[in-house]
Amino acid sequence: MAFITANWNPLGEAFYRKTELYEMSWNLRDGLRDSLVAAAPYGALLREPHRRSPSSRPQLEIYSASGVAIASFPWKSGPVVQLGWTVSDELLCVQEDGSVLIYDLFGSFKRHFSMGQSQVLEAKVFHSPYGTGVAIVTGSSRFTLATNIDELKLRRLPEVPGLQGKPSCWVVLTQDRQTKVLLSNGPELFILDNTSCTAVCPPGLSPQAGNIVHMSVSFSYKYLALFTDTGHLWTGSSHLQEKLSEVDTKKTTTPKQMIWCRRPKSQQPSVVLMWDRLLLDPCVLVGELDGVRIVSSTNQELLQEVPLVCQDIFKIASMAPGALLLEAHREYEKSSQKADEYLREIKEQSMLGEAVRQCVEAAGHEYDTNTQKSLLRAASFGKCFLTDFSPDQFVTTCRELRVLNAVRESSVGLPLTHTQFKQMTLQVLIDRLVYRQFYPLAIEICRYLKIPDYQGVSRVLKHWASYEAIARAVCVKVGDSPGVSYSHIAAKAYECGRTELAIKLLDFEARSGEQVPLLLKMKRSQLALSKAVESGDTDLVYTVVSYLKNEMNRGDFFMTLRNQPVALSLYRQFCKLQEQDTLKDLYNQDDDHQELANYYVMSGSEMIDPTHLRLSLLQSAVDEYNKAKNEFAAKATEDEMRLLRFQRKLDDEKGAGLLGLSLQATIEALLALGLHKQAEQLYRDFKVPDKRYWWLKLKSLAEKEEWEELEKFSKSKKSPIGYLAFVEVCIKCNNKYEAKKYVSKVAPEQKVKAHLAVSDLEGAADAAIERRNESEMAAVLSRCSASDRLLIDRLNRARTTATKK
Amino acid sequence: MAAHLSYGRVNLNILREAARKELREFLDKCSGSKAIVWDEYLTGPFGLIAQYSLLKEHEVEKMFTLKSGRLPSADVKNIIFFVRPRLELMDIIAENVFSEDKLHSSREFHILFVPRRSMLCEQRLKEQGVLGSFINIDEYILDLIPYDGDLLSMEYESAFRECYLENDQTSLYHTAKGLMTLQALYGTIPQIYGKGECARHVANMMLRMKREFAGSQNQILPVFDTLLLLDRNVDLLTPLATQLTYEGLIDEIYGINNGYVKLPPEKFAQKKQGEASKDLPTEPKKLQLNSAEELYAEIRDKNFNAVGAALSKKAKIISAAFEERHNAKTVGEIKQFVSQLPHMQAARSSLANHTSIAELIKDITSTNLYLSLVSASEAFFDNLTVEQEFMTGVDTDKVNTYIEDCIAQKDPLIKILRLVCMQSVCNNGLKQKVFDYYKREILQTYGYEHILTLNNLEKGGLLKPQTSSRNNYPTIRKTLKLWMEDANEQNPNDISYVYSGYAPLSIRLTQVLARPGWRSIEEVLKMLPGPHFEERQQLPAGLHKKRQQGENRTTLVFFLGGVTYAEIAALRFLSQMEDSGMEYIIATTKLINGTTWIKSLMDRPECQTP
């Protein structure tokens, strides 16, 4: 604890420290010598493949960052020029013949692509905002780039003047959303982009510095380091606009590796160089966002600039508030009163908040759990003396550190720093754990950090399930976690050729909408249909139905629909609008006589002419109604046919223009035409109720002003509609004289109304008084004008007597 | 512009704003000048969301109605089709696009499906070979449209017909989706009650959709405490009856469409001095009716018989306010008076409008019989008398003379159907003899093709033969107190005022649910069609409402298959009752009345005899 600064080394204005990450658990026979090594950034994996021993087959081995063997197999393809890792932890093997093989973490082959049919001299795998890219130099000294291997687009860069074979050194730069190649050929330096090749010169590089033999670009593509054959090291911006420094290393051999070592917002950028045979044990440098990992055959260390906040706290004799707080807490644990003195000192400067923040932040940067703990305890201690200090940062850091410590475990082997973790985000971390099949750990982390299920646990379970492809087991484990996308799991299973399993899995999918497309793809159309129905989404049902219609023969299609009433109704709707004939077939098949009959009636009503066609449609309707045991409808339709025949006949004979009229309208028309006999016939044949017929005849005669005929009619028998109707109809036809003839015949309860209708106030008054009906008297009164004094008095008197009683 | 939406207990303007935002976003997706080609059916509902000015701000320069043939010429960059997902419309669009391409090749086409895109339609466009011509194919999810401060409507006309006649549950799917959207904006509704098959189906879909979204929990404090889903077929009676509230009568007589009514212009002629009255306007007067108009909000839900008094009271207040100017002495007082002037003038013109409307209605409903012969008013009164006889269970098992007479007089078929259906519902089905008699009379008088309409009414349960000898309507009527003898029209104390005596069954169910609960009416619920149920939706911890003492609960009542203005009035009345402790927000597939409802159930209603 006290010697926390023991591994610090000052350089320039900053301190650098080396932290041991792992003792490698591998056991390499020949160390790292003679092997091609590719290490993934973010503390990911280090793998060690491919020895070029002349005789035997090379071996490809994959290890975790802590040296745990993950996969190992003999290399059977062609010679490999370069190895690299993609952003999603896939292994790229660039072969001499230009083909690139992709393996997953567990060494199983996934796919391959080609960088063009030419010999590859050198290749580089690089990462950019677009994904993982590959760049090669071909035997004809041309560069070819692919910026994103997932959306492969090969770009052949322009020729480099004077280049023979491969350049002495080159790097891929990503600048201004463009991918370029910087290369040196002898004394010259070129920038190569999509269209041009430009000679450049690093500013301030002394002319006698010599040819550039090694170059390196920083993790963020911001800085560039160049090494010359005279041992000069030039550093500057990758735009080649400004120079940071130039150092003479006094070493003329080309370094084996040169890697930038800086952290975001660091005080000074620096470069780590490694020469062969300078160290006893050959090592590999891995550039990281905030440092350099040094991997040797026995252990792995992280070299980084000491974060400013850690410097503040741990620097000898530091008086930073954080340092004082740490000291205060230490004294407090010893139960020493000095604790109070230190605290007082911080508080006097009102720096306690700052002190807590420093301790929390520094804890994040520490790799050693004891140091983390003591810093966090100090922070927690300091927090007690603050009243309104937000605990968020403290809590988050504690949580994140727990997660980081867990994934740093040698068995997991993700030596992430806090800075890297922040950069990569929790989502990606969980993805990485999932790729490495650390499902339980991933789930624990999700739960611990309370990530919403659909982003966290459910996703993990989905991935997990795609490996353990057994429905029951899947479901027991995935169980009722809400938001699990079973359809994705099922799609995976289907991809693996396990259709039955996929169907079983789909059963667990809550979103029917998601089930249907996959089921259709798997040709389980019946199931797709029932799932679509279940979803309630009618458009989905229609979609499946129209799919089925094209896939199946008609008979099977109808049978399928028959078992799905909802789908059947929807299809009927569709047919009603689009395919009338199919509709008939549907009803026929279902023996739905009622609907079939309706269908005929419908078609019939659309066809006024020619009559015989309509009649035959109606006859079909009658037959179907009979089959449906709908006697009423059958009878009614027969009546309709009878009426039609009658109309046709009369139209032909007399040109009456009856076709299409209702029975009532037909009788009216006949009466209007004076065809009383025919009207009478219809009235009897169709059993028209007396009341309606009387009304009809009454109105028709009055309209034609055949008053004599009307009177005769009124006397033909007792009117079934009473005689008030006669009065009113006459009045409506403006014939008061005729109207009065019928008043006396009106039933007593309607008499007042009748008298009023013919404007006979006296009569109305008499009738009302006779009936001793108060409201009728009132009604008559309301019609009296001031001149009817006598009448008014009489009515009023009668009213009072009526009320008394 | 839509401030009246935010006055209520629940701020429905949030929903409207969400809808507007989405519309703007879509319009901006098609950059440059545009012309919109409208599926005509959509213009009404869209009017409730956005006026032309909003479209104009987003470079909409022309609007056309979708019809076959060639598109009218317009110098715009984008042509956008706003359509419902219907196959027949796709064919028209295809025709439009085909005839267009030859003329201008530079115009860009887009489709906006309302309320949801459809694979079926896209397939159709593909078959027609035009799918590739569209730059954007999008959906505009417009399920529930804010119609007024306490009212949401889907403006989905055919919902009842589709559900009960055609077994097509598309509207229910949209309903469930709409309710999910509503919950996304206003929080999960913890309690769901329902009655009826469709209600059950909607609730099932909602629960299912919730499961589908599981994992992403809604963190909004719930605004609604309860959702009540009611099938229209649980209460077939109410829409058949003639509504007697002011708004209900306007709808019955003139029809309110998407919040607008068209009235005969004569009574609205501006009486200006010195101007001859000969140029009476001939165009119908179009008025917007909603609670933004203070006076209308006050009288819309009153029984029509109480409207006259309310109007004259208002008239006195307004003229008194205008008289104030004589009292205004100081400059300050005059200034204050002038500042109130616009408001007062608006109130005066609103008063004038409603006085005219009330006169128009009065001419028709005036119950002073004997005054005129076979007049509209007498018909109205007689009709009402028969309705009330049916509702009180008088002679419902016999052929009714009035109906017979109306048929003989060839009154409009829909009127006949309303009455016959009402008799059937109030008698739990007609005796076979009566049933056949009515049907024969209708077929003989109005034409045999109406056998299909009758068939539809039977399928929908509005008209049916009696199957069991027991008529359970009287039990229902008594238990739920559907008929109140002494309905007070002026100062109502019960919802029965909206039909001058009849208390709408649907609203009684709602009322009983709030207090004392449905358990008290198990028996009656069993007599009504479809299951009744209760579901609970888990709220995330911390979102449980801490209710203040005396704070009202809020219930969303969703009428599947339509609701009438009178029912809405009854619910508003319940919300205002001091001791009810419940506020109601109303949602529906469509605002209906007996006439529009029956019409929607007719096959080819256009060929009915006038």
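Residues numbered from 1 in each chain as written. Chains lettered and ligands numbered in written order. Predicted model: local features only at pLDDT ≥ 70, side-chain atom pairs only at ≥ 80, totals over all residues. Heavy atoms only, no water.

## A few points about the overall build of chain A
We apply this condition: Each helix is a run of DSSP H or I of at least 4 residues and each strand a run of E of at least 2, with the numbering of both proceeding from the N terminus. Any residue under 20% of the maximum accessible area for its type is buried, any over 50% is exposed, and the rest in between are partly exposed; the area is computed with a 1.4 Å probe on protein chains only. We call two residues in contact when some of their heavy atoms are within 4.5 Å. To be clear on the numbers: accessible area is Shrake-Rupley with a 1.4 Å probe, and residue cover counts the displayed protein chains and nothing else.
Scanning chain A from terminus to terminus reveals 31 helices and 27 strands. Here chain A, with 805 residues, has 53% of them falling under the buried criterion. Taking the intrachain contacts of chain A between residues at least 6 apart in sequence as the baseline, contacts between residues at least 24 apart amount to 48%. Looking at chain A as shown, the accessible area adds up to about 37,800 Å², and 50% of this sits on carbon and sulfur atoms.

## Remarks on the packing of helix 26 (residues 724–732) of chain A against helix 27 (residues 736–743) of chain A
Residue and element names in this part refer to chain A. How we decide: A fitted line through C-alpha atoms serves as each axis, taken over the contacting stretch for helices, and the angle formed by two N-to-C directions is quoted from 0 to 180°. To sort the angles, those under 35 degrees are grouped as roughly parallel, those over 145 as roughly antiparallel, those from 65 to 115 as roughly perpendicular, and the leftovers as oblique. Charged residues are taken to be Asp, Glu, Lys and Arg, nonpolar residues to be Ala, Val, Leu, Ile, Met, Phe, Trp, Tyr, Cys and Pro, and polar residues to be all remaining types, Gly included.
Relative to each other, helix 26 and helix 27 sit at 175 degrees, their axes nearing to 8 Å. Viewed along their axes, helix 26 and helix 27 adopt a mutual orientation that is roughly antiparallel. Contacts between helix 26 and helix 27 involve Phe726, Val727, Cys730 and Ile731 from the former and Lys736, Glu738, Ala739, Tyr742 and Val743 from the latter. Of the residues assigned to the contact of helix 26 with helix 27, the class counts are seven nonpolar, no polar and two charged.

## Some words on the environment of A:Pro158
All names here are of chain A. Relative to the helices and strands, Pro158 resides in the loop between strand 14 (154–156) and strand 15 (169–175). Taking the C-alpha atoms as reference, Pro158 lies 7.6 Å from Asp193; in sequence the two are 35 residues apart. With residues up to four places along the chain from it excluded, the contact list for Pro158 reads Arg142, Leu192, Asp193, Asn194, Thr195 and Ser196.

## Here's the deal with the confidence of the model for chain A
Stated precisely, the cut-off is as follows: Confidence of the predictor in every single residue is expressed as pLDDT, which spans 0 to 100.
With 89% of its residues at a pLDDT of at least 70, chain A reaches an overall mean of 81. Low confidence marks residues 43–52 of chain A, where pLDDT is under 50. Its contacts with residues over four positions away, or in another chain, come to 73 contacts.

## Quick notes on the interface of chain B and chain A
Using the following cut-off: What counts as buried area is the accessible surface, traced by a 1.4 Å probe, that two parts surrender upon association, with contributions from both included. One speaks of a salt bridge when a side-chain nitrogen belonging to Lys or Arg is within 4 Å of a carboxyl oxygen belonging to Asp or Glu. Pairs of N or O atoms are called polar contacts if they sit within 3.5 Å, as long as, within protein, a hydrogen donor faces a hydrogen acceptor (for residues adjacent in sequence, only side-chain-to-side-chain pairs).
With 50 residues of chain B at the interface, the matching set in chain A holds 63 residues. Between chain B and chain A, roughly 5,000 Å² of surface is buried when both sides are summed, and carbon and sulfur atoms account for 55% of that area. One salt bridge in this structure joins A:Glu668 and B:Lys410, with 4.0 Å as the shortest N-O distance. Our enumeration of links across chain B and chain A arrives at 22 residue pairs in polar contact (both at pLDDT 80 or more). Of all elements in the fold, only helix 4 (87–101), helix 5 (119–127), helix 7 (170–186), helix 8 (197–212), helix 15 (401–408), helix 17 (432–446) and helix 18 (451–459) of chain B reach the threshold of two or more residues within the side of chain B that touches chain A. A per-element tally of the side of chain B that touches chain A places helix 17 of chain B first, with nine residues.

## Observations regarding the sheet that holds strand 20 (residues 223–228) of chain A
Residue and element names in this part refer to chain A. Formally: Any two strands between which DSSP finds at least two bridges are classified as paired.
Across the sheet, which stays open at both edges, the four strands sit in the order 19-20-21-22 with antiparallel pairing between neighbours. Looking along the sheet, the strands with just one partner apiece sit at the ends: strand 19 (212–217) and strand 22 (243–248). Along the sheet, successive strands turn relative to each other by an average axial angle of 15 degrees, direction set aside. In this structure, strand 21 (residues 232–237) lies alongside strand 22, joined through five bridges in antiparallel fashion. When the bridges of strand 22 are listed, Gly236 appears paired with Lys243.

## Comments concerning the pattern of salt bridges
Residues and elements named next belong to chain B. Throughout the structure, instances matching the rule amount to 64 salt bridges over all chains. Lys21 is paired through a salt bridge with Glu25; the nearest N and O atoms lie 3.7 Å apart. Of this pair, Lys21 and Glu25 both sit in helix 1 (residues 13–29), four residues apart, roughly one helical turn. Residue classification places Glu25 among the partly exposed positions, given a relative accessible area of 45%. The salt bridge partner of Asp395 is Lys398, with a shortest N-O separation of 3.3 Å.

## Here we look at helix 2 (residues 40–47) of chain B
All of the buried residues in helix 2 of chain B are B:Leu42, B:Gly44, B:Pro45 and B:Phe46. Those residues of helix 2 of chain B that are buried are in contact with helix 1, strand 1 (34–38), strand 3 (78–83) and strand 6 (145–148) of chain B.

## A few points about the packing of aromatic side chains
Where we set the bar: Pairing of aromatic side chains here covers Phe, Tyr and the six-membered ring of Trp, requires ring centres within 6.5 Å, and sorts the geometry by plane angle: under 30 degrees stacked, over 60 edge-to-face, intermediate tilted. Charges are assigned to positions over rings by a cutoff of 6 Å between ring centre and Lys NZ or Arg CZ, combined with an angular limit of 35 degrees from the ring normal.
Within the structure shown, the criterion is met by 33 aromatic pairs over all chains. With 5.6 Å between their ring centres and 50 degrees between their planes, A:Trp8 and A:Phe15 make a pair best called tilted. Members of the aromatic cluster, connected to one another through ring pairs, are A:Trp694, A:Phe713, A:Tyr723, A:Phe726 and A:Tyr742. Just above the ring of A:Phe394 sits the side chain of A:Lys383; from NZ or CZ to the centre is 5.0 Å. Over the face of the ring belonging to B:Tyr260 we find B:Lys286, whose NZ or CZ atom lies 4.7 Å from the ring centre.

## Quick look at unusual backbone geometry
Following B:Val114, the chain continues to B:Pro115 via a peptide bond in cis, the omega torsion being 0 degrees. Note that the residue after B:Arg515, namely B:Pro516, is joined by a cis bond; omega there is 5 degrees. Positioned with a positive phi, A:Asp591 is a non-glycine residue whose angle comes to about 55 degrees. A positive phi angle is found at B:Asp395, which is not glycine, with a value near 50 degrees.

## Things to note about the nonpolar core
Our working definition: Among the buried residues, those of types Ala, Val, Leu, Ile, Met, Phe, Trp, Tyr and Cys that are joined through side-chain atoms within 4.5 Å form a nonpolar core.
Judged by nonpolar contacts, the single largest core of 262 residues is most densely connected at B:Phe81, B:Phe82 and B:Leu229. Aside from chain neighbours lying at most four places away, what touches B:Phe81 is B:Val37, B:Leu66, B:Leu71, B:Ile93, B:Asn96, B:Val97, B:Phe109, B:His110, B:Ile111, B:Leu112 and B:Phe134. Core analysis: the next-biggest nonpolar cluster, separate from the first, contains 30 residues, A:Leu157, A:Leu182, A:Phe190 and A:Val217 among them.

## What about the pairing of strand 3 of chain B?
Residues and elements named next belong to chain B. Among the six residues in strand 3, six count as buried, and that is most of the element. Burial along strand 3 is two-sided: Asn78, Ile80 and Phe82 facing one way and Ile79, Phe81 and Val83 facing the other are all buried. Here strand 1 pairs with strand 3 via five bridges, running parallel. Looking at the pairing, Trp38 lines up with Phe82 of strand 3.

## Some thoughts on the pairing of strand 9 (residues 226–231) of chain B
Residues and elements named next belong to chain B. Strand 9 sits mainly inside the fold: six of its six residues count as buried. Side chains of strand 9 alternate between two faces, with Thr226, Leu228 and Leu230 and Leu227, Leu229 and Asp231 buried alike. The pairing of strand 8 (residues 191–195) with strand 9 spans five bridges and is parallel. In the sheet register, Tyr193 faces strand 9, and the bridge partner there is Leu228. Summarising the sheet, strand 9 and strand 14 (residues 553–560) pair through six bridges and their orientation is parallel. Bridging from a neighbouring strand, Leu228 pairs with Val557 of strand 14.

## Observations regarding the packing of helix 2 (residues 321–333) of chain A against helix 4 (residues 352–365) of chain A
Residue and element names in this part refer to chain A. Between helix 2 and helix 4, whose axes approach to 7 Å, the crossing angle comes to 80 degrees. Judged by the inter-axis angle, helix 2 sits roughly perpendicular to helix 4. On helix 4, the residues that touch Pro321, Gly322, Ala323 and Leu325 of helix 2 are Leu352, Glu354, Ala355, Val356, Gln358 and Cys359. Class assignment of the residues belonging to the contact of helix 2 with helix 4 gives a composition of seven nonpolar, two polar and one charged.

## Notes on the environment of B:Thr65
All names here are of chain B. Along the polypeptide, Thr65 turns up in strand 2 (residues 60–65). Note on Thr65: relative accessible area 35%, which makes it partly exposed. Between the alpha carbons of Thr65 and Thr43 there is a distance of 9.4 Å; along the sequence they are 22 residues apart. Not counting the four nearest positions on each side in its chain, Thr65 is found in contact with Val37, Trp38 and Glu40.

## Describing helix 7 of chain B
Residue and element names in this part refer to chain B. Spelled out, the test is: By this rule the span expected of a helix is its residue count minus one, scaled by 1.5 Å.
With 17 residues, helix 7 ought to run about 24 Å at 1.5 Å a step, and its terminal C-alpha atoms sit 24 Å apart, in line with that. Among the 17 residues in helix 7, 13 count as buried, and that is most of the element. Phi turns positive, to about 90 degrees, at Gly187, one or two residues after helix 7.

## Describing the sheet that holds strand 5 (residues 134–139) of chain B
All names here are of chain B. Ordered in space as 2-1-3-4-5, the five strands form an open sheet in which the pairing is parallel. If you trace the sheet from one side to the other, it starts and ends with strand 2 and strand 5, each paired once. Neighbour-to-neighbour, the strand axes of the sheet open up by a mean angle of 20 degrees, direction not taken into account. Packing against the sheet, helix 2 makes contact with strand 1, strand 2 and strand 3, and its axis sits at approximately 110 degrees to strand 1.

## Comments concerning the confidence of the model for chain B
All names here are of chain B. Of the residues in chain B, 92% have a pLDDT of 70 or more, and the chain-wide mean is 87. Confidence drops under pLDDT 50 across residues 272–277; counting only partners more than four residues distant or on other chains, this segment forms zero contacts. The model gives residues 368–374 a pLDDT under 50, and that stretch makes 13 contacts with residues more than four places away or in other chains.

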